[in-house]
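Observations on chain architecture
So you can see what is in the structure, the chains are spelled out below.
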Amino acid sequence: MQSRTDVAEFVRQRTGTSYHPSGTCRMGVDDDAVVDSDCRVNAVRGLRVVDASVMPRVTTGNLNAPTVMIAEKIADHLRGRALAATNVPFYRSTP
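Quick summary incoming for the structure in this document. (Residues numbered from 1 in each chain as written. Predicted model: local features only at pLDDT ≥ 70, side-chain atom pairs only at ≥ 80, totals over all residues. Heavy atoms only, no water.)

Tallying secondary structure elements over the protein gives two helices and zero strands in all. Rg of the C-alpha trace for the protein: 18 Å, well past the compact-globule value of 12 Å for 95 residues, more than 25% over. In terms of overall dimensions, the protein has a C-alpha envelope of 60 × 35 × 20 Å along the principal axes. Here the protein holds 95 residues, and the buried ones make up 18% of them. Across the protein, every contact between residues at least 6 apart in sequence was considered, and the portion connecting residues at least 24 apart equals 36%. Here the protein has roughly 8100 Å² of accessible surface; of this, 55% comes from carbon and sulfur atoms. Here the protein holds 12 positive side-chain charges and 10 negative ones, and the gap between their average locations is 3 Å. (Helix = DSSP H or I, 4+ residues; strand = E, 2+ residues; numbered from the N terminus. Rg over C-alpha atoms; globule rule 2.2 N^0.38 Å. Buried < 20%, exposed > 50% of the residue type's maximum accessible area, 1.4 Å probe, protein only. Contact = heavy atoms within 4.5 Å. Areas by Shrake-Rupley, 256 points an atom, 1.4 Å probe, with all protein chains shown as cover. Lys, Arg positive; Asp, Glu negative; His and termini not counted. Charge placed at Lys NZ, Arg CZ, Asp CG, Glu CD.)

Moving on: unusual backbone geometry. Phi is mostly negative for residues that are not glycine, and the peptide bonds are mostly trans. Notably, C39 is not glycine yet its phi reads approximately 65 degrees, a positive angle. Relative to the elements of secondary structure, C39 occurs in the loop between α1 (4–14) and α2 (64–78). Overall, the relative accessible area of 0% leaves C39 in the buried class. Positive phi, close to 75 degrees, is recorded for A43, a residue that is not glycine.

A surface patch of nonpolar side chains, amounting to about 360 Å² of accessible area, comprises M1, V7, F10 and V11. Position of V11 relative to the elements: it lies in helix α1. (Patch = residues over 30% accessible without salt bridge, like charges linked within 9 Å, V, L, I, M, F, W, Y side chains within 5 Å. Salt bridge = Lys/Arg side-chain N within 4 Å of Asp/Glu carboxyl O.)

Attention now goes to α2. Here α2 contains 15 residues, and its C-alpha end-to-end distance of 21 Å stays within 8% of the 21 Å for a straight helix at 1.5 Å per residue. When we look at burial in α2, the residues that qualify are T67, I70 and I74. Down the axis of α2, the sector holding all buried residues measures 60 degrees, keeping them to one side. Exposed side of α2, more than 90 degrees from the buried face: N64, M69 and K73 are the residues found there. Phi for G80, located one or two positions after α2, is positive at around 75 degrees. (Expected span 1.5 Å × (residues − 1). Arc of directions from axis to C-beta.)

Nothing here speaks to function; it is all geometry.
Structural data, given as structure tokens:
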């Protein structure tokens with residue numbers, strides 16, 4: 001590598017995507033969040049986003065199971081069947 005252009009070309013040729021986009025409509029409570037905890041789009045009344053795009057961070061595994069879990073949780077919430085919150089241990093990777 002002799003220049004920034006060489007590095008950029010190397011990256012373009014040897015990297016890619018896993019074709020599982022997520023996090024484009026991040027859930028949260030800060031100014032950068034797109035949806036709230038009920039997947040309601042901020043500033044757009046009556047619109048919800050319920051897919052992998054609401055994940056605030058990319059998961060370390062396949063997106064299918066967590067996406068289904070998000071959809072099931074929001075569907076239960078909309079139908080008035082939301083489960084009570086529980087305090088269970090979970091693994092959190094470091095940022």
